[in-house]
Amino acid sequence: MFRRIVPLLAGLMVATSAQAADVSLLNVSYDPTRELYSEFNKSFAAAYQKETGDTVTIKQSHGGSGSQARSVIDGLQADVVTLALAYDIDAIANKGLLTKDWQKRLPQNASPYTSTIVFLVRKGNPKGIKDWHDLIRPGISVITPNPKTSGGARWNYLAAWGYALKTEGSEDKARDFVGNIYKNVPVLDTGARGATMTFVQRGVGDVLLAWENEAFLAVKEFGKDRFEIVVPSISIRAEPPVALVDSVVDKKGTRAVAEAYLQYWYTKEGQEIAARNFYRPRDSEIANKHAFAKVELFTIDELFGGWTKAQTTHFTDGGVFDKIYKN
Amino acid sequence: MSAIARRRSLPGFGLTMGLTLMWLSLMILIPLAGLFVKTAELSLSEFWATVTAPRTLHALKISFGLAFAAACVNLVAGLLIVWALVRYSFPGRRIFDAIVDIPFALPTAVAGIALTTLFAQNGWLGAPLAELGIKVAFTPLGIFLAMVFIGIPFVVRTVQPVLIDLDAELEEAAESLGASRLQTIRRVILPSLTPAVMTGFALAFARAVGEYGSVIFIAGNLPNVSEIAPLLIVIRLAEFRYADATAIAVVMLLFSFLIILVLNRLQHWAQTRSLAGA
């Protein structure tokens, strides 16, 4: 009797759990993706339930990209990480929490949506800022956060560097160019949102270097009558990456859901959500539907040989960025 | 120790001492020990290079120097506030008394953002000051202001009870013996307040040295200009250079400890002197 009941019960439990499991995922992300992910999570949960019957609850954690990476390294049980730059996920991979070739597990460098760096200027563009070259003019005040503490700020820095490299032609000239931009920076905020606040609310600066999606949000939030977006001729393709954390999903048994979650970015719905939140979708059909400004984009791999190399050259202790502030 | 143990009249020494030690270890000593363990990953020369780098020295100078200046201002301002609150009765005194605690309760980041809004070039106070050519927000002056803001309650709250307890009879006695008002303050009141004042000073100073949240928004954070030591620690963490970060923290800790120790000795000295004088 008993022998027959136990497998029956076990079978029943497996069956019910297969019918309507309750899973929860923790997505550790960076600051300006709050709105993006609350929309994405809702959409994914609905789609996943329709397909499998399982209910997924996704918890979001936001903060500076680097400090989020450190939290995961220090034991925050993130099923997936969706950070501002690949270097931060590499740092987690270097601790053995996920496989080192994580960037090859999903299409397009595991970054399903991209953005670029644009300028936000005051209405009417009183200083006539059109391109990167205007930022080194004496008397122009540029607002950008500190690349040491802000992942977003590193994209700003590399965008300026890439432009200088392409138009001036040499590393030395690029260094001078970027150095001259930072001579015009009166405040180094620790994060991208802080820099936006300095520019928008404190009235400091003539131009804010910002992610395109942040610039759109700022204009939407604070009014078209106060700010406008200037798109430079050349800029960087910012590729915020996503990855699942192997050690966590294996422990929690959430690998399948986490995989589905990240794959969902590459569906039409996922791409549409990215575009609605002012991120450039990878899907060209959807990208064309939304009017993103035309701009010549270069990637970090093309000009800098990837994040690790860019990081060691420019942002580590004693790197180029430190040298800019030596003089 | 054994002398104390023999003479004690209340039971429970063993238990309370044990709990005290355990709690101190768990909450303070073990985390601090972690700091030293992490720093020990550096060789002695690496440690030295980190803490004597010009940028580190500048950040330490900014943090300690401005914290010291802010604590000095708080000492004087705090004394005046305490005097007004304790010795005089005026409408709204209780409200003023409560306001003093606000910097304690306010999240530091909120304080920092509020101060920055106020003192930015388009802020209520920042705009008129900018016309006079004084830039506050995003300069060391802004850091100093934030440190004054968060430090003031420390002086007020340590001195206040002592002044309340100070017997008015002492002053009356001094006066009846022919002391002038100034002499009474100098010879009677100030010496009794000195130990509390110095404790308040030390607390305000220590808090300002480690202050991050309220300072970071108003500082401007330019390396070698307005970069505070706690920010430099955060930057080293952002570079995943934990050992370098803790090295700076260790220096701050030792330096603060030294200063507090000196202040403690001075306070002890002032106390025995005032007791001998009385």
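Residue positions within a chain follow its written sequence, with the count starting from 1. Chain letters start at A and ligand numbers start at 1, both assigned in the order the entries are written. Two thresholds apply to this predicted model, a pLDDT of at least 70 for residue-level local features and 80 or more for giving and counting side-chain atom pairs, whereas whole-chain, interface and lining totals are computed over all residues. Side-chain measures here rest on the full set of heavy atoms in the structure, leaving out hydrogens and waters.

Some points on the side chain of S235(A)
Residue and element names in this part refer to chain A. A run of H or I in DSSP becomes a helix once it reaches four residues, and a run of E becomes a strand once it reaches two; helices and strands are each numbered from the N terminus. Mapped onto the elements, S235 comes out in strand β8 (residues 234-238). Think of it in three bands: with a 1.4 Å probe and only protein chains considered, a residue is buried below 20% of the maximum accessible area for its type, exposed above 50%, and partly exposed in between. Classification of S235 as buried rests on a relative accessible area of 0%. Identification of polar contacts relies on pairs of N or O atoms within 3.5 Å, with a donor-acceptor requirement for protein atoms, meaning one able to donate a hydrogen and the other able to accept it, and with residues adjacent in sequence counted only if both atoms are side-chain atoms. For S235, the side chain forms a polar contact with the side chain of T116, separated by 3.1 Å. Sequence-distant contacts of S235, defined by excluding residues within four places in its chain, comprise T116, I117, W132, A159, V295, E296, L297 and F298. By the convention used here, residues are in contact when the closest approach between their heavy atoms is within 4.5 Å.

Structural notes on the sheet that holds strand β1 (residues 22-29) of chain A
Residues and elements named next belong to chain A. What makes two strands pair is DSSP finding at least two bridges between them. Spatially, β2-β1-β3-β9 is the arrangement adopted by the four strands of the open sheet, whose pairing is mixed. At either margin of the open sheet sits one strand with a lone partner, and together these are β2 (55-61) and β9 (242-244). Averaged over neighbouring strand pairs, the angle between their axes works out to 20° when direction is ignored. With three bridges connecting them, β1 and strand β3 (residues 80-82) associate as parallel partners. Across the sheet, residue V28 finds its bridge partner in β3, namely V81. Against the sheet, helix α11 (residues 255-263) makes contact with β1, β2, β3 and β9, and its axis sits at roughly 170° relative to β9, the strand it touches most. With axes taken as lines fitted to C-alpha atoms, and helix axes fitted only over the stretch in contact, angles between N-to-C directions fall between 0 and 180 degrees.

A look at a nonpolar patch on the surface
Patch definition: residues with relative accessible area over 30% and no salt bridge; like charges joined within 9 Å; nonpolar side chains (Val, Leu, Ile, Met, Phe, Trp, Tyr) joined within 5 Å. Computed with a 1.4 Å probe, the accessible areas rest on the Shrake-Rupley method; for each residue, only the protein chains presented here act as cover. Only one rule defines a salt bridge in this text: a Lys or Arg side-chain nitrogen within 4 Å of an Asp or Glu carboxyl oxygen. Where nonpolar side chains cluster on the molecular surface, the patch consists of L15(B), L19(B), M22(B), W23(B), L24(B), L26(B), M27(B), I28(B), L29(B), I30(B) and L32(B) and spans about 1100 Å² of accessible area. In this structure L32(B) comes out as partly exposed when scored by relative accessible area, which is 31%.

Section: the layout of surface pockets
Where empty space is left becomes clear once a probe the size of a water molecule has been rolled over the atoms. Its volume calculated, the largest pocket comes out at about 600 Å³. The wall of the largest pocket is formed by 31 residues, among which D31(A), G64(A), T149(A), T190(A) and G191(A) lie closest to the centre. Those elements that place two or more of their residues in the lining of the largest pocket are α3 (65-73), α6 (151-168) and α8 (192-200) of chain A together with α12 (213-219) and α13 (229-238) of chain B. When residues are sorted by character, Ala, Val, Leu, Ile, Met, Phe, Trp, Tyr, Cys and Pro go into the nonpolar class, Asp, Glu, Lys and Arg into the charged class, and all the rest, Gly among them, into the polar class. A class-by-class count of the residues in the lining of the largest pocket yields twelve nonpolar, 14 polar and five charged. The residues that make up the lining of the largest pocket include at least three from each of domain 1 (22-111 + 239-289) and domain 2 (115-238 + 295-326) of chain A. Both site types are read off a 1 Å grid over the protein atoms alone. A 1.4 Å probe that fits but cannot get out defines a cavity, while an open set with protein on both sides within 12 Å along at least five of seven lines defines a pocket; lining residues have an atom within 4 Å of a point. Grid points are joined across faces, edges and corners, and a volume is the space filled by probe spheres set on the points. In this entry, domain limits derive from an automatic or database-based domain assignment.

Some details on empty space enclosed by the protein
On inspection of all chains with the given rule, the structure shows two cavities of 30 Å³ or more. By volume, the largest cavity is sized at about 70 Å³. Considering the residues around the largest cavity, the lining is formed by P145(A), G152(A), N156(A), A192(A), A195(A), T196(A), L208(A), L209(A), A210(A), W211(A) and E214(A). Within the residue set of the lining of the largest cavity, elements represented by two or more residues are α6, α8 and β6 (207-211) of chain A. With four residues, the top contributor of residues to the lining of the largest cavity is β6(A). Classifying every residue of the lining of the largest cavity by side-chain character gives seven nonpolar, three polar and one charged. Roughly 40 Å³ of volume is contained in the second largest cavity. Lining the second largest cavity are D189(A), G194(A), M197(A), T198(A), R202(A), T116(B), F138(B) and F217(B). Here the lining of the second largest cavity gets three residues from one element, more than from any other, and that element is α8(A). For the lining of the second largest cavity, the per-class residue count stands at three nonpolar, three polar and two charged.

Topic: the interface of chain B and chain A
On the chain A side, the residues contacting the 26 residues of chain B number 28 residues. Here the buried area means the combined drop in accessible surface, using a 1.4 Å probe, for two parts upon being joined, counting both sides. Summed over both sides, the interface between chain B and chain A buries roughly 2200 Å², with carbon and sulfur atoms accounting for 56% of that surface. It is F138(B), E239(B) and F240(B) in chain B that bury the most area against chain A; as a group they hold 25% of the surface buried on that side. Taken together, chain B and chain A are joined by four salt bridges. Here chain B and chain A share eleven residue pairs in polar contact (both at pLDDT 80 or more) between them.

Let's talk about the nonpolar core
One finds V81(A), W132(A), Y157(A) and W307(A) to be the most contacted residues of the largest nonpolar core, which totals 90 residues. Examining the composition of this core, we find that nine residues originate from one element, α6(A), more than from any other. Taken domain by domain, the makeup of this core includes at least three residues from each of domain 1 (22-111 + 239-289) and domain 2 (115-238 + 295-326) of chain A. Those residues in contact with W307(A) that lie beyond four places of it in its chain are L85(A), A86(A), Y87(A), R154(A), W155(A), L158(A), I300(A) and F315(A). Remark: nonpolar core denotes a set of buried residues (Ala, Val, Leu, Ile, Met, Phe, Trp, Tyr, Cys) joined through side-chain atoms within 4.5 Å. Within the second largest apolar cluster, 53 residues are counted, among which are F64(B), F119(B), V136(B) and V209(B).

A few points about a negative patch on the surface
Residues and elements named next belong to chain B. Among the surface-exposed residues, D165, D167, E169, E172 and E175 lie close enough to one another that they form a single negatively charged patch. The element best represented in the negative patch is helix α10 (residues 168-176), accounting for three residues. One can find D165 in helix α9 (residues 140-165). Positive charges come from Lys and Arg, negative ones from Asp and Glu, while His and the chain ends are left out of the count. In this description, the location of a charge corresponds to atom NZ of lysine, CZ of arginine, CG of aspartate or CD of glutamate.

So, the environment of F144(B)
All names here are of chain B. Following the sequence through the fold, F144 ends up in helix α9. In this structure, the C-alpha to C-alpha distance between F144 and A219, residues 75 residues apart in sequence, is 9.0 Å. Here F144 is in contact with L66, A69, A70 and V73, once residues within four sequence places are set aside.

Here we look at the domain arrangement of chain A
Residues and elements named next belong to chain A. Assigned domains of chain A: these are domain 1 (22-111 + 239-289) and domain 2 (115-238 + 295-326). Between domain 1 and domain 2, the C-alpha centre-to-centre distance is 26 Å. Facing 18 residues of domain 1, the contacting portion of domain 2 comprises 21 residues. Looking only at domain 1, the three residues that lose the most surface to domain 2 are E239, F278 and R280, adding up to 40% of its buried area. Applying the counting rule to domain 1 against domain 2 returns one salt bridge. We note a salt bridge from R280 to E212, for which the minimum N-O separation is 2.7 Å. For the interface between domain 1 and domain 2, the tally reads five residue pairs in polar contact (both at pLDDT 80 or more).

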